[in-house]
Amino acid sequence: MSAAGEGTGGETGSRGGLLLESLLHFWRINLAIVAAVAVCTAVLVGALLVGDSMRGSLRALTLERLGDIDHVVVAESFLRQDLAEELEEQDGFGERFADVVPALLLQGSVSVPQSGRRAAQVGIQGIDDDFASLFPGYEDRFDLERVDGQLFGSALVNATLARELAAEVGDELLIALQRPSDVPRESLMGSTDPADVVQTMRVVVRGVLEDRGPGRFGLLPHQTLPSNVFVPLRDLQRSLDQRARVNALLVSGAPEAAGELAERLAQAAQLEDYGLEVAVDEEVARVTAREVVLRPPLEEYLLAVAEEEGWRRLPVSTYLANQVRIVDPAADRSLPRPLLPYSTIAALPGDLPSLPDVFGGLRLLDGSPAPALDEEQVLLNAWAAEDLGAVPGDRLEIEYWEVGDSEELRARTVRLELAGIVALDSLGAAAELTPEFPGVSDADDMSEWDPTFPVDLSLIEQRDEDYWDLYRGAPKIFVAEALGRRLWGNRFGELSALWLAPAGGAGDNGREASARQVEARLGERLPAELPLARAGVSVRGVKSSGLEAARGATDFAGLFIGFSLFLIVASALLVALFFRLGTERRGREIGALLAYGTPLPTVRRRLLVEALVLSLIGVAIGLGLALAYAALMMWGLGTVWVGAIGARFLELHVAPLSLFGGALGALALVSVVLWRTVRQLAGLAPVSLLRGEVTSDAEVLREARWSRRVFWLSALAALGLLALSFAVPEGSAGPVFVGLGAALLVCGLAALAVRLRRGERQLITDGGPGGLVRMALANVGLVPGRSLLSVALVASATFVIVAVGAYGHRFGHEDERDSGAGGFDLRATADVPVYEDLTSADGRFDLGFSQEQSELLAGAEIYGLRVVPGDDVSCLNLYQPTSPRLLGISPELRQRGGFSFQQLVDLPGAEEDPWSLLEGRLEDGAIPAFGDFNSVMWILKSGLGQDVVIENERGEPLRLRLVGLLRRSIFQSELLVAEEILAEEFPSRGGARDFLLDVAPGQAEKVAATLEQGLERFGFDSRSTTQVLESFQAVENTYLSTFQVLGGLGLLLGTLGLAVVLLRGVLERSAELATLQAVGFARRKLGWTVLAENAVLLLLGVLLGATAALVAVAPHLLGGQALVPWASLALTLVAVVAVGTLASAAAVRHVVRLPLLGALRGD
Amino acid sequence: MSETGAGGAAAPHAAAAGQSTSRQEGGAVRARSLDKSYRLGGEEVVVLRGADLDLAAGEAVAVIGPSGSGKSTLLHILGTLERPDAGSVEIDGVDLSSLEGERLSRFRSDRVGFVFQDHHLLPQYGVLQNVLMPTLAHPGAVGTRQRAEQLLGAVGLAHRLDHRPAQLSGGERQRAAIARALINRPSLLLCDEPTGNLDGATADVVGDLLFELHRREGGTMVVVTHSLDLAGRFPRTLRLDKGQLREAS
């Protein structure tokens, strides 16, 4: 635009031409404006594209790891493999769904026997030929057939596992995994013997799958590369002794139809899928469970159905009595002899006379019905009574095993009065009352018993063997049902069987047919009425939930906009700075236009149109740069910042909405900045503009007034926020920190504005360095707006660098109980649960540790924790977790305490003994839980006092109430609840799979090595708690370094702006510089003067930014755990000043070479 | 503001300045065969062609000539701001071609005072600071503030020491510029159209002031001017024409 153009500006074409001419004439400054707008756009849009890319990459990863799998039917226990075919054969199934592929999905460890290398936490996938169909394009990669001469089964490993094991095709691998047990291992009949718990399987590597597609297969959403080994389903079933059974059905098709699949599954389900077995014997259907005891939901349901159907029922609870003795009434102690060893004891309904005849009943020796039993009475069968020499009225002492809180066996006794002796017939000699006890039921002789509990076979005499031969496990002792439930009922259940018989006796097809009707009716009703979830079978829409989770736990777009905020602000300030420079240069032109009578709005409009054209060009270029910026960020997150995400999987994804939205946002931001500048300049009096003045006295006065007001207001705000920052908890201090930082920066800038506008009042009489600096100060006050902008740019970026640098966290004090490691040195995990007690010598012996090793371990404080697998809720998982992993905290660990809490609910005693908060349930039924503050706040997006709802093993909703939040702890991946509650809600999750170890100083490595070696088959893997904490901190550190890099870019822009301001100032002041030269200043001294001006601005910016940052982070610094790299921080700032000074070298060079004399002549 | 009034008030101040300062001796100039040309728009413009100049110490000379005749260039060469393409200049016997860098700027600072057509005061500083500026070029000057105040008193600006240039009239600015030129007691005062931007009355006042200060401060004074009135007041006037200096009739 030019003043001369006004007269011809009426035609649109001319206007366009003039506009172009004007833009080209001032091309240098316009280029700078375009560049600044482009940077602003690139940073803003780039941040949005980072978010797009993160979501897009997570989404792509979900699709890749699941292939065509849309749903998974998962069983806590096992399902019939035939269910897959039965589902597919249902009417209409094929129209909604495609394939149903049965699989065994387990976790274990894998080692290479030859090299000794091993890998823990490996997905062991038992698959059949159909699995490949779920991953189109990979069908030919799944050749698991044995080749001639191959001794062991085939296996495919993914590249990650192959790398970890250094395994190649043809190598043998040893897979160790948990052997499933029908009987809960923590019940009396369950085996915790390591030899029974761990199953090994030798395979030969037939191929290595790349880490793509099925190589990344996994059901849990996580971006890290999994380790996978695929083996033939049949081989794995055979190895685990689970023929024709699987624990997962992989279903493709209809991603949103999980509900329909669940219904279809229910239609196909059979009693066996609920873990039930029905033995039909004459007129009675005896319902038992594979697990030996009926789970409470099943018992409850079966009793309810029996009630509704009018069936007669006999609840049976059979257990084992170790010994029965007669109590000496005189001495009130049991007689040592005779004793009745290892007899089964049946709890039946106390009202024995009312027992339906169909079940046989109990009769006394005289043929009369057995009397009703209360909880103080007992009946013996004739054999037992004779053996003991007991007569009615005797008091008997019965010893039995009780499973303790920590699954230990404790011998208990109960004394009961012998109410009668029953005949050895019917129920009095019914082996059917006793379930199949592993190691017992199948023994030919009692002396061959190999039960899961300790037995003293020396107590068994010939008479006992005779009874075994005749009556097998038929109970010799009978008590009331209520007593049995009370004495040996546990969380797995109380009944060992439920006998059912139709009400009407014989049916049309005879008695047996009637009992079969009961079985058929049960098979008909159970799947329709009792959700399979109650039996631990759930249907998960893994793809839809995975894609939902792919939205991410962290809003990376927001995060990067946050990271880049200073950069965005810096570039916007640069836009303002350059535009102001450009328009100020044209002050005379604007003045002339106004003087000619051009209306003010027209002048403004012209300037704005120019600005808009420049902005649009800048935004267009910025969009291209944004793609490059986002690609660079992706590269950064895949390389130098890989610590933030833990895996290299990111690819650039571009959403048009982000492009256009971001571009509009940038345009709006820039427009506001430009509009303000135009308004300010075009508001000056034409005469002032013609004189070359770009500010008016009134404006200077107004600004000075405003600066003073802003100074006081921001100072007050800063003081208030500083006080507040010491009061709020560290985790909530973010907004206060940002507010305080901003207030301090504004306050400093306002003070500087006041100082600059006041000018230099003291006379400079010293021509040395001091005078030089004061001259520089006076000179930068010549155009205070520019100087303030420059200082603001540098100060903002310095603030980021220093504040972020000062947020380092100190490690190395994990031995302190109130640290994030709670005083523990090691944390370990196991793929196979360890049921033995590592703290006891017996437990260590059973686990195979030598005496020396055992003594070493005895010196360590070891806590084993139950684990319910679930989503990693730490910052290490980019997906949004929905079902957190749970840890059960034992009473011993709660008693020990430790760790530090960021927040605790306000309950009595919470501060003194926070771990007691986990005990019991809350009044409204919610379960108290702890989480790590960072995980709860940022990943779960929850908070103290809020509920996290998950499902228990029976598919029932569980409300976990967060009653305490740990501070920077090692428990960032999970939520913590009381062990006993975990055991109730997840009864099948027994044994310890997570361990905390507090060892003697200097022993950590030795203890870790001993445990890893001794528990290799359990997949035991330990890490120092410092490493665990550092892995979490690595994410934060990466974010911080990202922040610093972007802050550094902001600083670069700041120094660039500074150099431009300086250069512009030099050009404007060439006459002044020439005058100084004329009065004796050497060119070199003039150069130093200009350099000093730059240094003054730079130092002021750095000082202001650094001071504001240090004050803002003062609470953290004074908190005791701050680790501030002072030296490197100081070096960074020195480097900043040095780089900034170098950047001004151009201006200085210009001064030294400038032909100044022309300025004296007015050229 | 009336420059006449200001000029009238100048005499007592000037007297005061004269009482407290010794007169500057020296200022003899000897220039021989000065050549100087520029390239302007691709063409070479010769402004000095073998110009000679001899000035006795303490002499006051006016240089006149048409625009573009090289008057300012001559001043810049005498003031060491520019070097001639050929020829030599001696001031007080010092050959300027022998001076380089720091020594040259030191010489300029100590021996030469400049007054320009446009005052070229620094807008960010007050009048007193502006006058003191030349003393900052080379550290070590003592008692300069007192001299600056005396000079400002002599030019009638004692009451405006802290005023910024923007707060002064055109004549006041030029008077301040004259005070600045004299702060280091130069033996050679070079004035380039010192009244060119001023109205007649004010120009007279500034002219009076220059003569008065020259009388009191001593030294040699060369004034380049278009104003024949001003030139007519000098005992000697030179005309620069076709690159040569000639005595004006």
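Computed from a predicted model, the values in this text were never measured in an experiment.

1. As for the overall build of chain A
Of the regular secondary structure elements, chain A holds 37 helices and 28 strands. Each principal axis of the C-alpha distribution contributes one length, and for chain A these read about 140 × 65 × 60 Å. Buried positions account for 51% of the 1163 residues belonging to chain A. Within chain A, counting contacts between residues at least 6 apart in sequence, those at least 24 apart form 81% of the total.

2. Observations regarding the overall build of chain B
Scanning chain B from terminus to terminus reveals 8 helices and 10 strands. Counting across all 249 residues of chain B, residues that qualify as buried make up 52%. In chain B, the proportion of contacts linking residues at least 24 apart, taken out of those at least 6 apart, comes to 76%.

3. Points about the domain arrangement of chain A
Where interface size is given, it is often the accessible area lost as the parts come together that is meant. As far as domains go, chain A holds domain 1 (1–67 + 565–694), domain 2 (99–252), domain 3 (312–501) and domain 4 (826–1031). Spacing between the C-alpha centres of domain 3 of chain A and domain 4 of chain A amounts to 39 Å.

4. As for unusual backbone geometry
Residue and element names in this part refer to chain A. Its identity as a non-glycine residue notwithstanding, Q121 has a phi of 55 degrees, on the positive side. Topologically, Q121 is positioned in strand β3 (residues 118–127). Its 15 C-beta neighbours within 10 Å are what place Q121 among the partly exposed residues. Not every positive phi belongs to a glycine, and A254 is a case in point at roughly 45 degrees. When the 16 C-beta atoms within 10 Å are taken as the criterion, A254 is described as partly exposed.

5. Focus on the confidence of the model for chain B
Residues and elements named next belong to chain B. Taken as a whole, chain B shows an average pLDDT of 80; of its residues, 88% reach a score of 70 or greater. Within the model, pLDDT remains below 50 along residues 1–21, and this stretch shows 40 contacts once partners closer than five positions in the same chain are excluded. Model confidence for the complex: the whole-complex pTM is 0.72, and ipTM, which rates the interface, is 0.80.

6. Focus on the pairing of strand β10 (residues 284–289) of chain A
Residue and element names in this part refer to chain A. For β10, the buried fraction is high: 6 of the 6 residues fall into the buried class. Across the two faces of β10 the burial is the same, with V284, R286 and T288 and A285, V287 and A289 all buried. Here 6 bridges tie strand β9 (residues 276–281) to β10, and the two strands are oriented antiparallel to one another. Each bridged residue has a counterpart across the sheet, and for E277 the counterpart in β10 is T288.

7. Quick word on the sheet that holds strand β1 (residues 29–40) of chain B
Picture the strands of a sheet paired through backbone hydrogen bonds; they go either parallel or antiparallel. Residues and elements named next belong to chain B. On the basis of which strands lie adjacent, the open sheet formed by 4 strands has the order β2-β1-β4-β5 and antiparallel pairing. Unpaired on one side and paired on the other, β2 (43–55) and β5 (94–95) mark the two borders of the sheet. Here 2 bridges tie strand β4 (residues 86–91) to β5, and the two strands are oriented antiparallel to one another. Within the sheet, the bridge partner assigned to E90 lies in β5 and is D95.

8. A word on helix α7 (residues 200–217) of chain B
All names here are of chain B. Its 18 residues give α7 an end-to-end C-alpha distance of 25 Å, which sits within 8% of 26 Å, the value for a rise of 1.5 Å per residue. Among the residues making up α7, those that are buried are T202, A203, V205, V206, G207, L209, L210, E212, L213, H214 and E217. Backbone geometry just downstream of α7 places G218 in the positive-phi region, at approximately 80 degrees.

9. Remarks on the packing of helix α6 (residues 170–182) of chain B against α7 of chain B
All names here are of chain B. Look at α6 against α7: their axes get within 10 Å of each other, and the N-to-C directions meet at 15 degrees. Classed by the angle they form, the pair α6 and α7 counts as roughly parallel. Crossing of α6 against α7: the hand is right-handed. Between α6 and α7, the residues in contact are G170, G171, Q174, R175, I178 and L182 and T202, V205, V206, L209, L210, L213 and E217, respectively. Considered class by class, the residues forming the contact of α6 with α7 number 7 nonpolar, 4 polar and 2 charged.

10. What about the nonpolar core?
All names here are of chain A. Core analysis: the biggest nonpolar cluster contains 430 residues, and C40, V575, F578 and V977 have the highest contact counts within it. Take this core: its biggest share by element is 22 residues, from helix α2 (residues 27–66). If sequence neighbours within four positions are ignored, V575 has contacts with I33, A36, V37, C40, V670 and V673.

11. Overview of the interface of chain B and chain A
Opposite the 31 residues of chain B that make contact, chain A presents 27 residues. Going through the elements one at a time, α2 (71–78), α3 (101–111), α4 (127–136) and α5 (144–154) of chain B are the ones with two or more residues in the side of chain B that touches chain A. Here the side of chain B that touches chain A gets 7 residues from one element, more than from any other, and that element is α4 of chain B.

12. Section: α3 of chain B
For α3 of chain B, every residue scored as buried is listed here: S105, R108, S109 and R111 of chain B. On its buried face, α3 of chain B sits against β4, β6 (112–115), α4 and β7 (188–192) of chain B.

13. Some remarks on the environment of L652 of chain A
Residue and element names in this part refer to chain A. Position of L652 relative to the elements: it lies in the loop between α18 (600–638) and α19 (656–682). L652 gets classed as partly exposed once you count the C-beta atoms within 10 Å, which come to 18. Taking the C-alpha atoms as reference points, L652 and T677, 25 residues apart in sequence, are found 37 Å from one another. Those residues within four positions of L652 in sequence are excluded, and the remaining contacts are S53, A630, A631 and M634.

14. With respect to the pairing of strand β10 (residues 244–247) of chain B
Residues and elements named next belong to chain B. Relative to β10, strand β9 (residues 236–241) runs antiparallel, the two being bridged by 4 bridges. Residue pairing across strands places D241 opposite Q244, the latter belonging to β10. Taking the residues that link successive antiparallel strands as the turn, the β9-β10 hairpin has 2 residues, and the phi of K242 there is positive, at about 50 degrees.

15. Observations regarding the sheet that holds strand β3 (residues 60–64) of chain B
Residues and elements named next belong to chain B. Overall, mixed pairing links the 6 strands, which are arranged β6-β7-β8-β3-β9-β10 in an open sheet. Each of the sheet's edge strands pairs with one partner strand only, and the pair in question is β6 and β10. On average, adjacent strands in this sheet sit at an angle of 20 degrees to one another, irrespective of strand direction.

16. Regarding the packing of helix α31 (residues 1025–1068) of chain A against helix α35 (residues 1126–1143) of chain A
Working note: a packed helix pair is described by the angle between its axes plus the distance between those axes. Residues and elements named next belong to chain A. Two elements in contact, α31 and α35, have axes whose closest approach is 8 Å; the angle formed by their N-to-C orientations is 35 degrees. Where α31 crosses over α35, the two elements pack in a sense that is right-handed. For the pair α31 and α35, the contacting residues are L1051, T1055, L1056, L1058 and A1059 in the first and V1136, V1139, G1140 and A1143 in the second. Tallied by class, residues from the contact of α31 with α35 come to 7 nonpolar, 2 polar and no charged.

17. Describing the environment of L865 of chain A
Residues and elements named next belong to chain A. One can find L865 in strand β20 (residues 861–868). The class of L865 is buried, set by 22 C-beta atoms lying within 10 Å. Separated by 252 residues in sequence, L865 and V613 have C-alpha atoms that sit 65 Å apart. Not counting residues within four places of it along the chain, the set of residues in contact with L865 comprises L887, G888, I889, A992, D994 and F995.

18. Digging into the environment of P656 of chain A
When you line up the elements, P656 of chain A lands in helix α19. For the pair P656 of chain A and L487 of chain A, spaced 169 residues apart in sequence, the C-alpha to C-alpha distance is 68 Å.

Rules behind the numbers
- Residues numbered from 1 in each chain as written.
- Chains lettered and ligands numbered in written order.
- Predicted model: local features only at pLDDT ≥ 70, side-chain atom pairs only at ≥ 80, totals over all residues.
- Helix = DSSP H or I, 4+ residues; strand = E, 2+ residues; numbered from the N terminus.
- Buried ≥ 20, exposed ≤ 12 C-beta atoms within 10 Å, placed from the backbone.
- Contact = placed C-beta atoms within 7 Å.
- Domains from an automatic or database assignment.
- pLDDT = per-residue confidence, 0-100.
- Pairing = 2+ DSSP bridges.
- Expected span 1.5 Å × (residues − 1).
- Axes fitted to C-alpha atoms, helices over the stretch in contact; angles between N-to-C directions.
- Parallel < 35°, antiparallel > 145°, perpendicular 65-115°, else oblique.
- Left-handed = near helix turned anticlockwise from the far one by under 90°.
- Nonpolar A, V, L, I, M, F, W, Y, C, P; charged D, E, K, R; others polar.
- Core = buried A, V, L, I, M, F, W, Y, C linked by C-beta atoms within 7 Å.

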